[in-house]
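As a plain string of letters, each chain reads:
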Amino acid sequence: MEELGRLALISMLSHIIFIVITWQIMQALRLDSIFKKERTFEAKIFIVFIAIVIGTTVSNFFLDFLKWSQQFVYLF
C-alpha cells in the first residue's frame, strides 16, 4: 500500500511540474495574435487547457518511461 501512495504522490507532482513548465513555455509564445482583442478571457482559458493537455501528456510519457526502466530487472 505504501508503494501505491508513493506512486500517486510522484504522479501528482510530475503532472503539476510539467503543466507549470508548459505554461511557462506557452507564455513565451506570441499567441495573442491568434485571438480577437475582446476575447482575452477565453484566450487565457484556452491556453490553460492546452498547457494541461501538453503537460499531462509529457508527464505520462515521463512516468511510463520511469515504470518501464524499473521493469528491466524482469528481462534478465
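You'll find the structure just up there.
Residues numbered from 1 in each chain as written. Predicted model: local features only at pLDDT ≥ 70, side-chain atom pairs only at ≥ 80, totals over all residues. Heavy atoms only, no water.

### Considering the environment of Glu-2
Inference 1: Structurally, the position occupied by Glu-2 is in helix H1 (residues 2-28).
Inference 2: Taking C-alpha positions, Glu-2 is 35 Å from Ile-25, a pair spaced 23 residues apart along the chain. (Helix = DSSP H or I, 4+ residues; strand = E, 2+ residues; numbered from the N terminus.)

### Digging into the packing of aromatic side chains
Inference 1: Following the criterion strictly, the structure yields 2 aromatic pairs and no others.
Inference 2: Here Phe-18 and Phe-62 contribute two aromatic rings whose centre-to-centre distance is 5.7 Å and whose plane-to-plane angle is 55°, an arrangement assigned as tilted. One end of the pair, Phe-18, is in helix H1; the other, Phe-62, is in helix H2 (residues 40-70), and 44 residues separate them in sequence.
Inference 3: Judged by relative accessible area, which is 21%, Phe-18 ranks as partly exposed.
Inference 4: Taking the centre distance of 6.0 Å and the plane angle of 35° together, the rings of Phe-61 and Phe-65 count as tilted. In this pair, Phe-61 and Phe-65 both sit in helix H2, 4 residues apart, roughly one turn of the helix.
Inference 5: On the accessibility criterion, Phe-61 (53% relative accessible area) is exposed. (Phe/Tyr/Trp six-rings, centres within 6.5 Å; stacked < 30°, edge-to-face > 60°. Buried < 20%, exposed > 50% of the residue type's maximum accessible area, 1.4 Å probe, protein only.)

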